[in-house]
Amino acid sequence: MTTTKILGIVLLICGVLSLVYGGFTYTKSSSEVDLGVVSFEIEEKEHVNLPIWVGVILAAAGGGLLLVPQSKS
């Protein structure tokens, strides 16, 4: 399997996941307060929305790379 095919598969999977989930969520630790025996840490969840066109372009690029014929050396 060539690197072109592997890249095509990765792009296709990323595109389909982007279309299915519409984005991703991550947790960010924003501040920490230490008051002797008491300490506070605030964690915020951030959600990043990915536009539909990003998923379509990634899936199309991955499919296109999978359809490219292999060159024979």
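Bear in mind that the values here come from a model prediction, so they are computed numbers and not experimental data. (Residues numbered from 1 in each chain as written. Predicted model: local features only at pLDDT ≥ 70, side-chain atom pairs only at ≥ 80, totals over all residues. Heavy atoms only, no water.)

Draft legend 1. Structural detail: the pairing of strand β1 (residues 23–35). Bridge count for β1 against strand β2 (residues 38–49) is 12 bridges, and the pairing is antiparallel. If you follow Thr27 over to β2, its bridge partner there is Lys45. The hairpin formed by β1 and β2 contains two residues between the paired strands, and Gly36 there has a positive phi angle of roughly 75 degrees. (Pairing = 2+ DSSP bridges. Helix = DSSP H or I, 4+ residues; strand = E, 2+ residues; numbered from the N terminus.)

Draft legend 2. Here's a closer look at the side chain of Lys5. Mapped onto the elements of the fold, Lys5 is located in helix α1 (residues 3–21). No salt bridge is formed by the buried Lys5, whose closest oppositely charged neighbour, Glu46, lies at an N-O distance of 39 Å. Only 2.6 Å separates the side chain of Lys5 from the backbone oxygen of Leu66, close enough to count as a polar contact. For Lys5, the residues in contact, after removing those within four places along its chain, are Leu65, Leu66, Leu67, Val68 and Gln70. (Buried < 20%, exposed > 50% of the residue type's maximum accessible area, 1.4 Å probe, protein only. Lys, Arg positive; Asp, Glu negative; His and termini not counted. Salt bridge = Lys/Arg side-chain N within 4 Å of Asp/Glu carboxyl O. Polar contact = N/O pair within 3.5 Å; in protein donor to acceptor, adjacent residues only side chain to side chain. Contact = heavy atoms within 4.5 Å.)

Draft legend 3. Local environment of the packing of α1 against helix α2 (residues 52–67). Where α1 contacts α2, the axes come no closer than 7 Å and their chain directions differ by 155 degrees. By the criterion of interaxial angle, the relationship of α1 to α2 is roughly antiparallel. For the element pair α1 and α2, the recorded crossing hand is left-handed. Listed contacts from α2 to Thr4, Lys5, Leu7, Gly8, Ile9, Leu11, Leu12, Cys14, Gly15, Ser18 and Leu19 of α1 are Ile52, Gly55, Val56, Leu58, Ala59, Ala61, Gly62, Gly63, Leu65, Leu66 and Leu67. Classifying every residue of the contact of α1 with α2 by side-chain character gives 14 nonpolar, seven polar and one charged. (Axes fitted to C-alpha atoms, helices over the stretch in contact; angles between N-to-C directions. Parallel < 35°, antiparallel > 145°, perpendicular 65-115°, else oblique. Left-handed = near helix turned anticlockwise from the far one by under 90°. Nonpolar A, V, L, I, M, F, W, Y, C, P; charged D, E, K, R; others polar.)

Draft legend 4. The arrangement of the environment of Val38 in detail. In this structure, Val38 sits in strand β2. Remark: the alpha-carbon pair of Val38 and Val48, spanning 10 residues in sequence, is separated by 33 Å.

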